[in-house]
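# Coordinate inspection notes
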Amino acid sequence: MTNVLLIIFTISLLYLGIAHRLFTYIKILSFQGVILFGIAFIELNHINAINLAFILLESIIFKAIAIPLFLNHVMKRNRITRDAEPFLPNFISLIIITSIIIATFILSNAIADSRISKIYFVVAISTLFTGLYIIVTRNKIITHVMGYLIIENGVFILSLAVGNEMPMLLNLGILLDIFASVFLLGIFVNKIGDVLKDVDVDQLKNLKD
Amino acid sequence: MTGYYLAGAFTISALLFFNRNRLFNDLLVIGFLVLQIGFTVYEYLHLNKIELGYFSADALGILLLTTLTVISVPAMYHSHKYLSTKNDSARNIAIYYSAMVVLLTAISASYISNHIAVTWIFVELTTLSASALIYHRRNNRSLEGTWKYVFVCAISITLVFIGILFLSFTLQQAGTDDLSFAVLIKKAPVLNLFWLRLAFIFIFTGFTAKLGLVPMYTAGIDAKDKAPSPAGALLSSVLMNMGFVGIFRLYVVVANSPLHSWADHVILISALLSIFVATVYMTKVKNIKRMFAYSSIEHMGIVMLGIVAGGVGFYAAILHIILHAFVKSSLFFQMGQIYRIYKSKSIYDVGNYFKYNTTGAVVMLLGFFFATAMPPSGLFISEFLIFRSLFESNYLWVLIIVMLLLTMIIWAFGKNIFKLLFSPAVGFNEDQIEKINPAESVSQFILLGLVVYLGLNPPQEFVSLIQEAIKNLPH
């Protein structure tokens, strides 16, 4: 069951590559939050109840509901146009994301470790690089933040792989999640919306040599 | 004591945040400095004592902690001067001091933490507090600098976290789940090489954002430029040292594993590229503060070359990073006065500094000699030792390239500094310049004096601490 969820998660990355509108990105993020909830619920059966509740709440409330709602709010408030404005055509994005997944697959063959299941590694690393890819090929500040949130989801999956043995690392991962989301979204996207009229990275090119 | 220190410092920070009274504000800042000094002395007297389970001041920790305490006093003094010359709202001043106290506390705690995850938490905290300092001027450009800094640091912190996860994978195999550095060093020879390799790559890349090496150095440059000078002094000295601590502690682990020479190559590539990037930008940069920031990148590259070369290079690297912190922070403190006179950081708008502020100009001239590692600067000693160790470990081609690049850096640095000091400024109105009190430069002279003293005639205690810090490295 976990494997099925992880594969669905990977497919959502491919969908991300061809999505046009920012609302689709938000929906995918929310959907990924639900999948992460499912994985955490099935996998984490050796940690104590309070910790488990904390992790589950984080994934369902924070990742699946609060952040998408907040992104929606930010977009409406700053009147961000709904197009994602990629530099590259979607077809090429699809090919690149696919090759990222294949490359991590090949890399995972080098793992000689029976305790860590390879599928976690593959999904987490391909999510990480897809997030980085989204960041470098999209034009808006808000898509940068979304790319970062995708990276966070990858980190969450990776920390689930050791979740049963080291719940402390899981909690740290959640700390990172909350820190980054609250900080990046809450303060900066709002502030940037106040100071700059159009929320586009082209506005942030004054500092250079 | 660490517990009391953290509790005390965070309480002071919270009080500073809510307080609007200038006098009480100053008292709180002095209280923090007393706490910081007391904490440093206590930790020095209780070396290697484990506190709260996750903190113990080892030799490297105490050396850098002392450096931080020495720099924090003038940093607070210059912050006070800086804020009293501007008409900031009481709220902004409160946020500034509060963020500065949190920054200093987080850096101190990350120096002495003996557990990689705890170090990571405090690194995260420094991003938060540093961004409040960078955004102090509340305009478009500082917003841009802050945004870039926060974003790049957020990504690099994530990379460090992924690296820690990989480390935990390999530790499970080795039959433990303790991520403290002592256990890591003990287990180093038996760790799974695949995971350790990935962990080192990720953690190294993540910490380069703080240390200021290729690939993640970019955000730090904008941050040091846009932050107020006293905050910029902290960002380009003690905060960079924090990145060094993160990388160095992991390097000690890797050096005890079969991956030692592989890790050396990774660091060597990064260090050489950093020096190259610094050279390219130093020759074309027109903003003095950014020039200092690029000079820091160059010095960090040299420090990492010392680590790569090994032998006496380890000793020299640690000496270099401590002395560099003193030199660079005094240059940044002095930069605040230059900005007050010319109201500009561009090299085109400044000039004839000797005429307007003789004491400050002397600091600038000395700072230039010291930062380019000319005698009597202590950096000369450490750089010489690093070059010698490069030569001894058969990195002759690296040495030649670095020497050539350094020559260009000295030329570019000198060109700009001599323009600032001696050439008349074009179209500069002399009528309303601010008279700077020479006493404001005293702290810079003390810091530069320390560089000479520690470099040319290091006290025995200092030398043995550095040797203690590198004792786990294979010689």
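In this text the structure is predicted, and so the values were computed from the model without any measurement. (Residues numbered from 1 in each chain as written. Chains lettered and ligands numbered in written order. Predicted model: local features only at pLDDT ≥ 70, side-chain atom pairs only at ≥ 80, totals over all residues.)

Looking only at helices and strands, one finds 7 helices and 0 strands in chain A. Mapped in sequence order, the helices and strands of chain A form the string α-α-α-α-α-α-α. A buried classification covers 43% of the 209 residues belonging to chain A. Here the analysis covers contacts within chain A between residues at least 6 apart in sequence; of these, 72% occur between residues at least 24 apart. (Helix = DSSP H or I, 4+ residues; strand = E, 2+ residues; numbered from the N terminus. Buried ≥ 20, exposed ≤ 12 C-beta atoms within 10 Å, placed from the backbone. Contact = placed C-beta atoms within 7 Å.)

Moving on: the overall build of chain B. Helix and strand content of chain B: 20 helices and 0 strands. Here the C-alpha atoms of chain B give a radius of gyration of 21 Å, agreeing with the 23 Å that 2.2 N^0.38 yields for 475 residues. By principal-axis analysis of the C-alpha atoms, chain B measures approximately 70 × 55 × 45 Å. The buried share of chain B, reckoned over its 475 residues, is 59%. Here the analysis covers contacts within chain B between residues at least 6 apart in sequence; of these, 79% occur between residues at least 24 apart. (Rg over C-alpha atoms; globule rule 2.2 N^0.38 Å.)

So, about the interface of chain A and chain B. Residue-level contacts link 33 residues of chain A with 33 residues of chain B. Where the side of chain A that touches chain B is concerned, the elements lending two or more residues are α6 (141-161) and α7 (167-195) of chain A. Of the residues forming the side of chain A that touches chain B, the biggest block, 13 residues, is contributed by α7(A). For the side of chain A that touches chain B, the residue count by class is 23 nonpolar, 4 polar and 6 charged. (Nonpolar A, V, L, I, M, F, W, Y, C, P; charged D, E, K, R; others polar.)

Here we come to the domain arrangement of chain B. Residues and elements named next belong to chain B. The assigned domain composition of chain B is domain 1 (1-258) and domain 2 (259-475). For domain 1 versus domain 2, the separation of C-alpha centres amounts to 21 Å. Across the boundary between the two partners, domain 1 contributes 46 residues, which contact 43 residues of domain 2. Of all the secondary-structure elements, those providing two or more residues to the side of domain 1 that touches domain 2 are α3 (59-85), α8 (193-211), α9 (218-226), α10 (229-235) and α11 (238-255). Element by element, the count of residues in the side of domain 1 that touches domain 2 is highest for α3, at 12 residues. Grouping the amino acids of the side of domain 1 that touches domain 2 by side-chain chemistry returns 29 nonpolar, 13 polar and 4 charged. (Domains from an automatic or database assignment.)

All names here are of chain B. Where α9 meets helix α13 (residues 288-309), the closest approach of the two axes is 9 Å, and the angle between their N-to-C directions is 140°. Classified by the angle between their axes, α9 and α13 sit oblique to one another. As α9 packs across α13, the resulting crossing turns out to be right-handed. Where α9 abuts α13, its residues Gly220, Ile221, Lys224 and Asp225 lie against Lys289, Arg290, Ala293 and Tyr294. Within the contact of α9 with α13, the residues separate by chemical class into 3 nonpolar, 1 polar and 4 charged. (Axes fitted to C-alpha atoms, helices over the stretch in contact; angles between N-to-C directions. Parallel < 35°, antiparallel > 145°, perpendicular 65-115°, else oblique. Left-handed = near helix turned anticlockwise from the far one by under 90°.)

Okay, the UniProt feature "transmembrane region" (unreviewed entry) in chain A next. All names here are of chain A. Per the UniProt record, "transmembrane region" (unreviewed entry) is annotated on residues 29-45, 52-71, 91-112, 119-136, 142-162 and 169-189. Summarising residues 52-71: 100% helix, 0% strand, and an end-to-end C-alpha distance of 26 Å. This span, residues 119-136, is 100% helix and 0% strand, and a straight line between its end C-alpha atoms measures 26 Å. (UniProt positions renumbered as here; feature names shortened; annotations may be inferred.)

A few words on the packing of α6(A) against helix α6 (residues 140-173) of chain B. Their axes nearest at 10 Å, the elements α6(A) and α6(B) cross at an angle of 10°. What the angle tells us is that α6(A) and α6(B) run roughly parallel. In the packing of α6(A) onto α6(B), the handedness of the crossing is left-handed. Across the interface between the two elements, His144(A), Tyr148(A), Ile151(A), Glu152(A), Val155(A), Leu158(A) and Ser159(A) from α6(A) touch Phe151(B), Ala154(B), Ile155(B), Thr158(B), Phe161(B), Ile162(B) and Leu165(B) from α6(B). The class makeup of the residues in the contact of α6(A) with α6(B) is 10 nonpolar, 3 polar and 1 charged.

Turning next to the nonpolar core. Residues and elements named next belong to chain B. Of all hydrophobic cores here, the largest spans 238 residues; its most connected members are Leu103, Leu133, Ile164, Ile318 and Val451. Element by element, the count of residues in this core is highest for α6, at 19 residues. Each of domain 1 (1-258) and domain 2 (259-475) contributes no fewer than three residues to this core. Those residues in contact with valine 451 that lie beyond four places of it in its chain are Leu323, Phe326, Val327, Phe370, Ser377, Gly378 and Leu379. (Core = buried A, V, L, I, M, F, W, Y, C linked by C-beta atoms within 7 Å.)

Right, let's get into unusual backbone geometry. Residue and element names in this part refer to chain B. Geometrically, the link from valine 214 to proline 215 is a cis peptide bond, its omega value of 10° lying close to zero. The backbone phi angle of asparagine 394 is positive, close to 65°, even though this residue is not glycine. Relative to the assigned elements, asparagine 394 resides in the loop between α17 (378-392) and α18 (396-421).

This part is about the environment of Leu421(B). Residues and elements named next belong to chain B. With respect to the element layout, leucine 421 can be found in helix α18. Put simply, leucine 421 and proline 376 are 45 residues apart on the chain and 21 Å apart in space, counted from C-alpha to C-alpha. With residues up to four places along the chain from it excluded, the contact list for leucine 421 reads Tyr353, Phe354, Ala361, Met364 and Leu365.

Let us now look at the confidence of the model for chain B. Per-residue pLDDT for chain B averages 92, and the proportion of residues at 70 or more is 100%. The least confident element of chain B is α6(B), whose mean pLDDT is 88; the most confident is helix α12 (residues 260-284) of chain B, at 95. (pLDDT = per-residue confidence, 0-100.)

Another point: helix α5 (residues 116-134) of chain B. If you check α5(B), its first and last C-alpha atoms are 27 Å apart, about what 19 residues at 1.5 Å a residue would give, namely 27 Å. Within α5(B), 16 of the 19 residues are buried, which leaves the element mostly enclosed by the surrounding structure. (Expected span 1.5 Å × (residues − 1).)

Residues and elements named next belong to chain B. Secondary-structure assignment places glycine 246 in helix α11. Take glycine 246: there are 25 C-beta atoms within 10 Å of it, and that puts it in the buried class. Spatially, the C-alpha atom of glycine 246 lies 9.1 Å from that of valine 123, the residues being 123 residues apart in sequence. Residues within four places of glycine 246 in sequence aside, it is in contact with Thr119, Val123 and Phe207.

Burial within α9(B) is extensive, with 8 of its 9 residues counted as buried. Buried residues belonging to α9(B) abut α5, α6, α8, α10 and α13 of chain B.

This paragraph deals with the environment of Val214(B). Residue and element names in this part refer to chain B. Examined against the element boundaries, valine 214 turns out to sit in the loop between α8 and α9. In this structure the C-alpha to C-alpha distance between valine 214 and alanine 271, which are 57 residues apart in sequence, comes to 7.3 Å. Ignoring anything within four residues of it in the chain, the contact list for valine 214 reads Ser270, Leu273, Ser274 and Val277.

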